[in-house]
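The residues making up each chain are set out below.
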Protein chains: 2
Amino acid sequence: MGRIRRRRAEWGSWEDVVPRAYASGAERHTLVGPEDGAAQVELRYFRIPVGGASALERHPHEHAIMVVHGEAEVRIGDETHPVGVGDAVFIASDELHELRQVGDEPLGFICTAPADRARPERPTG
Amino acid sequence: MGRIRRRRAEWGSWEDVVPRAYASGAERHTLVGPEDGAAQVELRYFRIPVGGASALERHPHEHAIMVVHGEAEVRIGDETHPVGVGDAVFIASDELHELRQVGDEPLGFICTAPADRARPERPTG
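In this text the structure is predicted, and so the values were computed from the model without any measurement.

Residue and element names in this part refer to chain B. At Asp-16, a position not held by glycine, the phi torsion is positive, near 65°. You can see Asp-16 is positioned in the loop between strand S1 (3-5) and strand S2 (20-21). We classify Asp-16 as exposed; its relative accessible area is 59%. Residue Asp-94 is not a glycine yet carries a positive backbone phi of 70°. Structurally, Asp-94 is set in the loop between strand S8 (88-91) and strand S9 (97-102).

So, about the relation of the copies chain A and chain B. Applying a rotation about an axis and a shift along it to one chain copy brings it onto the other copy. With an axial shift of 0.0 Å and an RMSD of 0.0 Å, the rotation relating chain A to chain B amounts to 180°. Within this description, the copies of the chain are treated as partners about a two-fold rotation axis. Interface residue correspondence from chain A to chain B reaches 100%, placing this contact among same-surface, isologous pairings.

What follows concerns the sheet that holds strand S3 (residues 27-32) of chain A. What the 7 strands build is an open sheet, ordered S2(A)-S3(A)-S4(A)-S10(A)-S5(A)-S8(A)-S1(B); its pairing is antiparallel. Each having just a single partner strand, strand S2 (20-21) of chain A together with S1 of chain B make up the two edges of the open sheet. Two elements, strand S4 (residues 41-48) of chain A and strand S10 (residues 107-114) of chain A, share 8 bridges in a ladder whose sense is antiparallel. Bridge assignment links Ile-48 of chain A to a residue of S10 of chain A, and that residue is Leu-107 of chain A.

Leu-31, Met-66 and Ile-110 of chain A together with Leu-31, Met-66 and Ile-110 of chain B are the most contacted members of the largest nonpolar core, which has 30 residues in total. Secondary-structure elements contributing two or more residues to this core are S3, S4, strand S5 (63-69) and strand S8 (88-91) of chain A together with strand S3 (27-32), strand S4 (41-48), strand S5 (63-69) and S8 of chain B. Tyr-22, Ala-26, Phe-46 and Ala-72 of chain B belong to the second largest nonpolar core, which has 17 residues in total.

Quick look at the pattern of salt bridges now. Per the counting criterion, the structure on display carries 10 salt bridges over all chains. One salt bridge in this structure joins Arg-6 of chain A and Asp-87 of chain B, with 3.7 Å as the shortest N-O distance. Of this pair, Arg-6 of chain A sits in the loop between strand S1 (3-5) and S2 while Asp-87 of chain B sits in the loop between strand S7 (79-83) and S8, which puts the two residues in different chains. Residue classification places Asp-87 of chain B among the buried residues on the basis of a relative accessible area of 7%. Within this structure, Arg-3, Arg-5, Asp-16 and Asp-36 of chain A form a network of salt bridges that share partners.

Okay, the pairing of S3 of chain A next. Each regular strand displays side chains that alternate between the two surfaces of the sheet. Sheet analysis places S2 of chain A next to S3 of chain A, joined by 2 bridges and oriented antiparallel. The residue bridging Ala-21 of chain A from the neighbouring strand is Glu-27 of chain A, located in S3 of chain A.

Another point: the interface of chain A and chain B. The partner chain B presents 41 residues to the 41 residues of chain A that form the contact. When chain A packs against chain B, close to 3,200 Å² is buried across both sides, 62% of that on carbon and sulfur atoms. The tally of links from chain A across to chain B stands at 2 salt bridges. Residue contributions to the side of chain A that touches chain B peak at 4 residues, all from S5 of chain A. By the bridge criterion, 3 bridges tie S8 of chain A to S1 of chain B in an arrangement that is antiparallel. Bridging across to S1 of chain B, Ala-88 of chain A finds its partner in Arg-5 of chain B.

What follows covers the side chain of Arg-28 of chain B. Residue and element names in this part refer to chain B. When you line up the elements, Arg-28 lands in strand S3. Of the buried charged residues, Arg-28 lacks a salt bridge, with Glu-42 as the closest side chain of opposite charge at 6.3 Å. At a separation of 3.4 Å, a polar atom in the side chain of Arg-28 contacts the side chain of Tyr-22.

Right, let's talk about the packing of aromatic side chains for a bit. Applying the stated criterion across every chain, the model contains 8 aromatic pairs over all chains. With centroids separated by 4.8 Å and ring planes inclined at 55°, the aromatic side chains of Trp-14 of chain B and Tyr-45 of chain B adopt a geometry described as tilted. Separated by 31 residues along the polypeptide, Trp-14 of chain B in the loop between S1 and S2 and Tyr-45 of chain B in strand S4 bring together distant segments of the chain. Per residue, the accessibility class of Trp-14 of chain B equals that of Tyr-45 of chain B, and both read buried. In textbook terms, an aromatic cluster arises when at least three aromatic residues are bridged by ring pairs, as seen for Trp-11, Trp-14 and Tyr-45 of chain A. The residue whose ring lies beneath Arg-7 of chain A is Trp-11 of chain A, and the NZ or CZ to ring-centre distance is 4.6 Å.

Rules behind the numbers
Residues numbered from 1 in each chain as written. Chains lettered and ligands numbered in written order. Predicted model: local features only at pLDDT ≥ 70, side-chain atom pairs only at ≥ 80, totals over all residues. Heavy atoms only, no water. Helix = DSSP H or I, 4+ residues; strand = E, 2+ residues; numbered from the N terminus. Buried < 20%, exposed > 50% of the residue type's maximum accessible area, 1.4 Å probe, protein only. Least-squares fit on C-alpha atoms with pLDDT ≥ 70 in both. Contact = heavy atoms within 4.5 Å. Pairing = 2+ DSSP bridges. Core = buried A, V, L, I, M, F, W, Y, C linked by side-chain atoms within 4.5 Å. Salt bridge = Lys/Arg side-chain N within 4 Å of Asp/Glu carboxyl O. Buried area = accessible area lost by both parts, 1.4 Å probe. Lys, Arg positive; Asp, Glu negative; His and termini not counted. Polar contact = N/O pair within 3.5 Å; in protein donor to acceptor, adjacent residues only side chain to side chain. Phe/Tyr/Trp six-rings, centres within 6.5 Å; stacked < 30°, edge-to-face > 60°. Lys NZ or Arg CZ within 6 Å of the ring centre and 35° of its normal.

Written as structure tokens, this is what we have:
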């Protein structure tokens, strides 16, 4: 059965969605996922505080990403690119990637993942 | 290889993305797709003019949707729900669905699809 996840007044909070908080201060909000019965696709919102970044990782699954507030530098392999609201990013299979917040306000982006994916490998250092 | 698709100043136009225009006045902009080398996931932006709607359809693949501007009534099966900016919608496999623009401004939403999907069935009437 389909489902609506309503955003509260501002970016960063949805009805009936409990975010997962990371030690870095980042948050992941699963807006579409297994709890909804999704077997193919997940849609997650990530909130990255000022000075923070997503995990640097690579994995076989692709991502489609869109920035919804704030600004970022996205690392894809050995390159970094500035991105802002409405910019879309494709991360190919097994590409190393990271989104780093820049500027004065928290970064928010949405990011797809396959519902049946393997867990990511996170290189250290 | 990963890729950035930069939005122009406002919602509705991205660098190097040629929209597909439908007879209804709606537009589809593929922001992540096979042209980028995406084999698993597509991310599309749909722009629906005042008074318009997306195609009423059902198909085996799921959708994850987020409204990025304007307001809509989303039909899921026999029910309709009002949605606005930041609201996420999950469409399950084989659920009949449609997004209808409401209010004074065009509707914009992003919508995932599997890159290897079968083409949708579109009921008439």
